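Read off the chains here:
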Amino acid sequence: MAVPKRKVSKARRDKRRSAVWKLDMPAFSKCPNCGELKAPHKVCGNCGYYNGVEVIRKNA
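Counting of residues starts from 1 at the beginning of each chain's written sequence and follows it residue by residue. In keeping with the predicted nature of the model, local features appear solely for residues at pLDDT of at least 70, side-chain atom pairs appear and are counted solely at 80 or more, and the whole-chain, interface and lining totals rest on all residues. Working from all heavy atoms in the structure, the side-chain values ignore hydrogens and water.

A.B. asks: Explain the overall build of the protein chain here, please?
C.D. replies: Secondary structure assignment for the protein chain yields one helix and four strands. In this description a helix means any DSSP run of H or I spanning at least four residues, a strand means any run of E spanning at least two, and both kinds are numbered starting from the N terminus. Its helices and strands taken in sequence order, the protein chain reads α-β-β-β-β from the N to the C terminus. What the globule rule says is 2.2 Å times the number of residues to the power 0.38, and the radius of gyration is computed from C-alpha atoms. In terms of overall size, the protein chain is more extended than a compact globule, its C-alpha atoms giving a radius of gyration of 23 Å where 60 residues would be expected to give roughly 10 Å. Oriented by its inertia axes, the alpha-carbon framework of the protein chain measures out at about 65 × 25 × 20 Å. Think of it in three bands: residues with accessible area under 20% of the maximum for their type are buried, residues over 50% are exposed, and the middle band is partly exposed, with areas taken using a 1.4 Å probe on protein chains only. Considering the protein chain as a whole, with its 60 residues, one finds that 8% of them fall into the buried category. Once local pairs closer than 6 in sequence are excluded, the contacts in the protein chain between residues at least 24 apart make up 0%. Accessible surface area values rest on a Shrake-Rupley calculation with a 1.4 Å probe, where residue burial reflects the displayed protein chains alone. Accessible surface, the protein chain as shown: approximately 6000 Å² in total, 55% of it carbon and sulfur. Here the positive residues are Lys and Arg and the negative ones are Asp and Glu; neither His nor the chain ends is included. Taken as the charge centre is NZ of Lys, CZ of Arg, CG of Asp or CD of Glu, depending on the residue. Of the side-chain charges in the protein chain, 15 are positive and 4 negative, and the distance between the mean point of each set is 17 Å. Every residue pair with non-hydrogen atoms within 4.5 Å of one another is taken to be in contact.

A.B. asks: Looking at this structure, I do not really get the side chain of Lys38. What am I missing?
C.D. replies: Looking at where Lys38 falls in the secondary structure, it is placed in strand E2 (residues 37-38). Think of a salt bridge as a Lys or Arg side-chain nitrogen and an Asp or Glu carboxyl oxygen that are within 4 Å of each other. As a buried residue without a salt bridge, Lys38 has its nearest oppositely charged side chain in Glu36, at a separation of 12 Å. Two N or O atoms form a polar contact when they lie within 3.5 Å of each other; inside protein one atom must be a possible hydrogen donor and the other a possible acceptor, and for residues adjacent in sequence the pair counts only when both atoms belong to side chains. A polar contact of 3.2 Å, which involves the side chain of Lys38, links it to the backbone oxygen of Lys42. Once you skip the residues sitting within four places of it in the chain, Lys38 turns out to touch Phe28, Ser29, Cys31 and Cys44.

A.B. asks: Explanation requested: the state of the cysteines in the structure shown.
C.D. replies: Each disulfide is one covalent bond, formed between the sulfur atoms of two cysteines. By definition, disulfides here are pairs of cysteine sulfur atoms that lie within 2.5 Å. Across all of its chains, the model carries zero disulfides by this definition. Free cysteine: Cys47, not disulfide-bonded; nearest cysteine sulfur from Cys31 at 3.7 Å. Since its relative accessible area comes to 13%, Cys47 is described here as buried.

A.B. asks: What is the right way to look at a positive patch on the surface in this model?
C.D. replies: Taken together, the side chains of Arg12, Lys15, Arg16 and Arg17 define a basic patch exposed on the protein surface. Inspection of the secondary structure puts Lys15 in helix H1 (residues 10-17). With a relative accessible area of 61%, Lys15 lands in the exposed category. Two distance rules govern patches: like charges are joined within 9 Å, and nonpolar side chains (Val, Leu, Ile, Met, Phe, Trp, Tyr) within 5 Å, applied only to residues with over 30% relative accessible area and no salt bridge.

Structure (structure tokens):
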């Protein structure tokens, strides 16, 4: 059975438990066509436009 050779210091233990390394919230940008929030460099899920061109036809 594995047994630690040395005590893990409080600083090392707390660094491991900290939330600094966890993922951040994804970035969002406004769609220039409809103003809805969308992921950058992706087709807008609301209106179907990307870079001023209708890529997906939406029934609205």
